[in-house]
Every structure is written in C-alpha cells, then in structure tokens.
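Below, each chain spelled out in residue letters.
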Amino acid sequence: MDQDEDWDSPSDIQYQPQREYVPQQQYRQTRPANPDDLLVDIDSQFAGLIIGKGGSVIKGLRKETGAFISVLDSDSYGLKTVKISGNQKARDHALKLVNDIVDANNPEKIKQKLQQESEQAPVQSTFNWDELMKEEAENLKQRLAALPPIVKNFYKEHPEVTRMTDQEVEDFRMSKNNIMIKYIEENNDKPIPKPVLKFSHAFEDYPDILEEIQKQKFEVPSPVQCQTWPVIMSGHDLIAIAQTGTGKTLAFLLPAFIHIDFQPTPRSERKGPSILVLAPTRELVLQIESEVKKYSYKGIKAMSIYGGASSGKQKEVLRKGVEIVIATPGRLNDFVGSGAIDLSDVTFLILDEADRMLDLGFEPQIRVSLLRVRPDRQTIMTSATWPPGVKRLAKSYTTNPIQVMVGSLDLTTVNTVKQDILIMDEEEKEVWLDDFLKSCSADDKIIIFVNRKVTVDQLSSDLCMKGYIVESIHGGREQCDREMALESLRNGEVNILIATDVASRGIDINDITVVINYDFTKDIEEYVHRVGRTGRAGKTGLAITLMTRRDWGKAKDLVEVMEKSGQDVPPELQEMASRYEAKKERDRAEGGDRPFRGGRGGGRGFSRGDGGFSGNRRNNY
C-alpha cells in the first residue's frame, strides 16, 4: 500500500502491514554497497512500527541517534530494508533501537524471553494448565447458557439436488470454474452440502427472497453462490476464496436476510444489529450497503459506519435501530470503545476481503471489536487469497469451517479481460494517454490507476486542460467527494476516473470497459485487483499497463499472472523478466549474500546500456 494513502485507520493505532508471524526473528545485517551505510533486512510486518504513523517513530529515531534512517523495499519476498547512515556511534545506537522495536513486537522473541525468565525464576508451585483450560471451558459454557439461543440451519435440500450422484456433483463443480470444497479440519468426515443449480434450489421455501432475485433479473447463480448458499444456510462457518467480482456479496447477503428473520428473539427485542459486516475500505463498505438496499426484504435496515463521515449522524441512525451494520474496522473500533454500538446480539458475522484487512494492519481493531460478539455466532470469511495471516484469522474466529474455493489459489486475472503491456519511458506516458483517450468512444468508461495522490491531482488537471471531463478519488479527498466521483462514473456524467489503489478493490461498476495502469502497481496482488475492475458480470474488458524499465523487478510475477489467465505475453516482457533475474544473479555473485536491489539509485535499473528496450513500442487501439 502506498503510505501516502488514507485507509481509515484510527489515530491511536499505527499502520502495520500484516503477515504471518515467522518462527524466527526476520532481520539480518547485510553488506552495503557503501561501507559507511548499514543495511538491515527486517520482516515487512515490522516496517510500520519503525516508520510510525505519519513517520513519527522514524523521525524520533533520527533525532535521538543522529543517524539517517530510512525503510526501503527489498527484492526478497516479505522483507523490507532499513538503511542506516552516519558515524559509527550513531549507526550502532540506531541499530540497537531498531532491533529493540523488532524484538518487542516479535511473538517468538517474547515467548523465548518469557521462557528464559520462567527458567531463571525460582519454582514456587506447579501451574495446572489442564485445570485452567477446564475452568475456562466451564466459564464459556455458563456464558453461552445465559444467552438467548441462535438458529443457524434454515436449509432443506431440494429433491433435484438430492438426486444428483457424486459424479454429477463433481462434474458440476468442475464446470463452474473448478469449485473445490473441504473442511479445514482434515479429520472431519461429516457430509458436505451439494451445490445448487438454480435459485429455487436454495430459496424455494423463501418466496420473498426469490421475488427479490427475480426483480434483479439474475438468470443463474454464480459459481461461488451455487456452493456457498447450501453451506451457509445449513449453519456452517464458511471461508470463501474467490476473486473479486464473483458474486461473494450476494453469497452471504441473502442467507443473512433469512438468518435475521427467523431468530427466536424478536427483532424488536434485540439491543443492536444482528448482522455485522467488516470490510477494509470505505468504498467497499458503501458498495455493500448499496447492494443491501437493492433488496426490500421485510423492512430490514442496513447502515454503513466508516471514517471520513459524521460520526454523530451514524450514531443517530444506530439509535433508531438497524439489523445490518457494515463497517470499517477503524470506525467500528471507535464506536465499540465509546459504547455507541452494542454487538451482543450479533449472531452472523462477515469478514469481507479478510486478506486486505490484514494487509492494511486492521487485525488489532478486529480482535478488540470482536470480543463483544458472542462466540457461538455464525462466521463467514471471504478473501481473494489464502495467505498465512488469513489462515491464522480463520483459526481464531471460525468453528469447524468449510472452505469453498473457486478457481485457483494462485493469483490470476479473469479471462474476460484482455491484458496489454506497453513498455515505454516515463515521459512518453502522457502523450500516449492523450492519443489513446482520443481514440475511445463516448460509451467507454475508463479507470486510470496511479500510485500517488499528487499524480492523481496533476493528471486530472492536465486532462481537464485538454478538454476531457474527468473525476478523481484518493485518500486525501473528502469522503463525500469520493462518493460523488464514483456516482458520476456510474451514471455516465463522466467516463474517466483517475484513482489510487483506494479504488482497486470493492468498487462494483459493471460497465467499466478499460483499466489503465498509468503507474505499475506496488505488488502483483494489486495488479490483479486493478485489472478486476473491468470484465465484470460476464462482460469483456481491456486492461492496459504502462511499464518503464524501473518496473522490471515486477516483470517475472506479471508474466506468471498473464500465463495463468491465458494471456499472450509480449516477448519484450519475457525478455525483461529474464534480464532482471540474470542481473540479480550477477549482483548476488559479486556482492555476497546481499539481496539485489534493482532500480535503487546509482543506475541499477533496467538500462539501455544492458541492451534494454528503447520504450518506443506502441499499440494501436
């Protein structure tokens, strides 16, 4: 994530890119190119702690030690590099403070320290862990007994589904983008619900739901809906792994309506919402709220809670009573802490785009807020990927879940999007963009992605000066302006939107025809999500990526993604990837164990002197 962005983090919690904790401390000294500099590789999960909110921590470290300290990207996956410059005393002092920060936040180090202290301390008594766990289980049992009951199973298998043979079920799953389903616990041999083939198979007993589906003029369920509806409506916890734009929102939304309606406790007697949806960004929260409001099911009310909007107005709506709350973790955490929301009656929890919430450092807020939700609720998690951090979250917050995976766990883009890669110099981009936009039709809707807020503003101004009607969104704009910009694109008032990655996930505009990556993404995951803004709802789309020689470190990952989604990979991109890998190997051989840092100053990028590309390649569209 570009640290220049605003992702609704609360002021008292620093941004921390979340990854799975590793069993050893992930930092090591390396040999710098400049002998006066010290380079320390740290696991990327600690980078946010060293930087601090708004750079507060790293500024304090510089001031205290007299050393110049910076955090740089590393070419080794999962690592960042702390560069320390200055005299020997300043460098040593800074290194100690950096190591102290890492050690203080590394669970394995904390565990080792506690074990050492325990071994050194005199043994006064034997602690009975079995007794403690037994007592904890009894306390949980008593707590649950005091709560009103929950009903989770609302599913009755349709006779047509029952008659499907195992082979027919397997063939159907394969035909629906290779649906894979299993219990997370490998030793669980309970039956797994068969998929449904049509809406009536899932909702025949709920005619009001079927009527709402018919109003939306859907023809058939999406692959993820075919399999998740029977799982959720049978009362199972669920982990749904599928790319964005595959119908995951409706997959949990329709069962949520039924769950609200058929609980033993009347809606009028519930102290707060019954359904809680947590999502990583304001835009995704608003998109889910918009999706809920398309359906008029028995007067169920939904509201969104997010930063950047009036908390007073949001609290006022809460006091009037709603059944569904869709929230960003930061604002929800604030409301929980102030007592503005009561989560004790939440019986159905959705963690939407869990991987993105972890990437944005929201795990602490999630854990604090969910302490107020009853532990026997039904929990649904959705994610586009299945990294270790999401596995850890699933283990903490789900009970014996079923995992439904649509497609591959590998990062892939949808095959309805044609991906074109153009390699050019930075100064050529603006001319190319002008030429391309002139060739577009009035019916095209285009999103132009850049990496920084300042680029959004500059490019918007330049295009307006040339007579184009554009809108823009980034984390520095007021929320009302961001919402207005998206609405203008939806309703056709403008057909060009310039955005940072604040819009790469969760923005559901089905008629985007072109995505342009004006700047290449910071990582390949964001490339996949940017491309996923077009080619939605069965339509085709075009994604054009402008690469410069500075981006050659991402070429290998891009080649792999394109190959997996059946795209034609340009020979220039293949050659770029090969040359980068060869250059890395040469630098490693010359510099010992130090990871190669291509493109970081000193002309170490992809240079024409190495036989690089001239940047004159152009495609006609």
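Quick note: structure is the one above.
Residues numbered from 1 in each chain as written. Predicted model: local features only at pLDDT ≥ 70, side-chain atom pairs only at ≥ 80, totals over all residues. Heavy atoms only, no water.

(A) Examining the sheet that holds strand 9 (residues 324-327) more closely. Pairing within the open sheet is mixed, and its eight strands lie in the order 5-12-6-11-10-7-9-8. The open sheet is flanked by strand 5 (179-183) and strand 8 (302-305), the only strands paired with a single partner. Looking at each pair of strands side by side, their axes are set apart by 15° on average, direction ignored. Packed on one face of the sheet, helix 12 (residues 282-292) meets strand 7 (275-278), strand 8 and strand 9 and runs near 175° to strand 8. (Pairing = 2+ DSSP bridges. Helix = DSSP H or I, 4+ residues; strand = E, 2+ residues; numbered from the N terminus. Axes fitted to C-alpha atoms, helices over the stretch in contact; angles between N-to-C directions. Contact = heavy atoms within 4.5 Å.)

(B) Representation of the sheet that holds strand 18 (residues 541-547) within the structure. The parallel open sheet is built from six strands, whose spatial order is 13-18-17-14-16-15. Here the strands that pair on one side only, and so sit at the sheet edges, are strand 13 (417-423) and strand 15 (470-473). With strand direction ignored, the average angle separating the axes of adjacent strands in the sheet is 20°. Two elements, strand 17 (residues 514-517) and strand 18, share four bridges in a ladder whose sense is parallel. Within strand 18, the residue paired with V514 across the bridge is L542. Packed onto the sheet, helix 19 (residues 453-465) meets strand 14 (446-449), strand 15 and strand 16 (496-499) and runs at close to 175° relative to strand 15.

(C) Spotlight on a negative patch on the surface. On the surface, D166, E168, E170 and D171 cluster together into a patch of negative charge. Relative to the assigned elements, D171 resides in helix 7 (residues 166-175). Its relative accessible area of 43% is what places D171 among the partly exposed residues. (Patch = residues over 30% accessible without salt bridge, like charges linked within 9 Å, V, L, I, M, F, W, Y side chains within 5 Å. Areas by Shrake-Rupley, 256 points an atom, 1.4 Å probe, with all protein chains shown as cover. Salt bridge = Lys/Arg side-chain N within 4 Å of Asp/Glu carboxyl O. Lys, Arg positive; Asp, Glu negative; His and termini not counted. Charge placed at Lys NZ, Arg CZ, Asp CG, Glu CD. Buried < 20%, exposed > 50% of the residue type's maximum accessible area, 1.4 Å probe, protein only.)

(D) Seen up close, the packing of aromatic side chains. Enumeration over the complete set of coordinates arrives at nine aromatic pairs. Ring centres of F257 and Y297 lie 5.6 Å apart, and the angle between their planes is 20°; this geometry places the pair in the stacked category. Residue F257 is found in helix 11 (residues 248-261), and its partner Y297 is found in the loop between helix 12 and strand 8; the two are separated by 40 residues along the sequence. Given a relative accessible area of 2%, F257 falls into the buried group. What makes Y297 buried here is its relative accessible area of 4%. Ring centres 6.0 Å apart and planes at 20° place the aromatic pair F520 and Y527 in the stacked group. Exposure class is identical for F520 and Y527. Each is buried. Ring-pair connections join several aromatic residues into one group, and the members of that group are F154, Y206 and F262. (Phe/Tyr/Trp six-rings, centres within 6.5 Å; stacked < 30°, edge-to-face > 60°.)

(E) Just helix 21 (residues 524-531), in detail. Burial within helix 21 is extensive, with seven of its eight residues counted as buried. Within helix 21, burial applies to I524, E526, Y527, V528, H529, R530 and V531. Looking at the packing, one finds that the buried side of helix 21 touches helix 15 (354-359), strand 13, strand 14, strand 17, strand 18 and helix 22 (555-564).

(F) Quick peek at the side chain of N451. For N451, the position within the fold is in the loop between strand 14 and helix 19. Within the structure, N451 has its side chain in polar contact with the backbone oxygen of F520 (distance 2.8 Å). A polar atom in the side chain of N451 sits 2.8 Å from the side chain of R530. (Polar contact = N/O pair within 3.5 Å; in protein donor to acceptor, adjacent residues only side chain to side chain.)

(G) Here's a closer look at unusual backbone geometry. With a phi angle near 50°, K298 is a residue other than glycine that sits in the positive phi range. Within the secondary structure layout, K298 lies in the loop between helix 12 and strand 8. Of note, N400 is a non-glycine position whose phi angle comes to about 45°, a positive value. Tracing the backbone through its elements, the reader meets N400 in the loop between helix 17 (388-397) and strand 12 (402-406).

Purely geometric numbers; function is a separate question.
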